[in-house]
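Listed here are the chains, written in short residue letters.
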Amino acid sequence: MVAEVLELEHGKVSLICRTPYGPHIQVSIDLDVTEGSATAVITCRPTTSWKRLDGGASWAIAGTLERHVRAALGEF
């Protein structure tokens, strides 16, 4: 699923993900952890032109990653 890691630093991850649907998807995950709470913002978009439809691949990847991020944040 992960084709390339673009950025990996404290509180931020940027990836390129492969999909079986066509275009690759660029994913950004921004984490903000404060006392007693954590917030993750997951953004997914096709790496090709914004006008090109991606057949729901961005939503599918965001949903999959959301489950993993929730599980990881639940460990804190």
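Look a little higher up for the structure.
An account of the accompanying structure is given in this report. What you see is a predicted model, and the numbers here were worked out from it, not measured in a lab.

**Details of the nonpolar core**
And then number 1: Counting 12 residues, the largest nonpolar core is built from Leu-15, Cys-17, Ile-25, Val-27, Ile-29, Cys-44, Ala-57, Ile-61, Ala-62, Leu-65, Val-69 and Leu-73.
And then number 2: Mapped by element, the contributors of at least two residues to this core are strand S2 (12-17), strand S3 (25-34) and helix H1 (57-74).
And then number 3: Per-element tally for this core: the top contributor is H1, with 6 residues.
And then number 4: Other than its neighbours up to four places away in sequence, Ile-61 contacts Met-1, Cys-17, Arg-18, Thr-19, Ile-25, Val-27 and Cys-44.

**Some details on the environment of Met-1**
And then number 1: Along the chain, Met-1 turns up in the segment before strand S1 (2-9).
And then number 2: Overall, the relative accessible area of 46% leaves Met-1 in the partly exposed class.
And then number 3: When residues no more than four places from it in sequence are discounted, the contact partners of Met-1 are Ile-16, Cys-17, Arg-18, Ile-61, Thr-64 and Leu-65.

**A few points about the pattern of salt bridges**
And then number 1: Across all of its chains, the model carries 2 salt bridges by this definition.
And then number 2: With its nearest N and O atoms 2.9 Å apart, the salt bridge here joins Arg-70 to Glu-66. Here Arg-70 pairs with Glu-66, and both are found in helix H1, just 4 residues apart, close to one helical turn.
And then number 3: For Arg-70, a relative accessible area of 59% corresponds to the exposed category.
And then number 4: Residue classification places Glu-66 among the partly exposed residues on the basis of a relative accessible area of 34%.

**Some words on the sheet that holds S1**
And then number 1: The antiparallel open sheet is built from 4 strands, whose spatial order is S1-S2-S3-S4. Among the strands making up the open sheet, the edge pair consists of S1 and strand S4 (37-46). Ignoring which end each strand starts from, the neighbouring axes of this sheet average 15° apart.
And then number 2: In the packing of H1 onto the sheet, contacts are made with S2, S3 and S4, and the angle to S4 comes to roughly 160°.

**Here we look at the pairing of S3**
And then number 1: Judged from the 6 bridges that link them, S2 and S3 form a sheet pairing that is antiparallel. Directly across from Cys-17, in S3, lies its bridge partner Ile-25.
And then number 2: Sheet topology places S3 next to S4; 10 bridges connect them, and they run antiparallel. Pairing of Val-33 across the sheet is with Ala-38, part of S4.

Thresholds, definitions, all that
- Residues numbered from 1 in each chain as written.
- Predicted model: local features only at pLDDT ≥ 70, side-chain atom pairs only at ≥ 80, totals over all residues.
- Heavy atoms only, no water.
- Core = buried A, V, L, I, M, F, W, Y, C linked by side-chain atoms within 4.5 Å.
- Buried < 20%, exposed > 50% of the residue type's maximum accessible area, 1.4 Å probe, protein only.
- Helix = DSSP H or I, 4+ residues; strand = E, 2+ residues; numbered from the N terminus.
- Contact = heavy atoms within 4.5 Å.
- Salt bridge = Lys/Arg side-chain N within 4 Å of Asp/Glu carboxyl O.
- Pairing = 2+ DSSP bridges.
- Axes fitted to C-alpha atoms, helices over the stretch in contact; angles between N-to-C directions.

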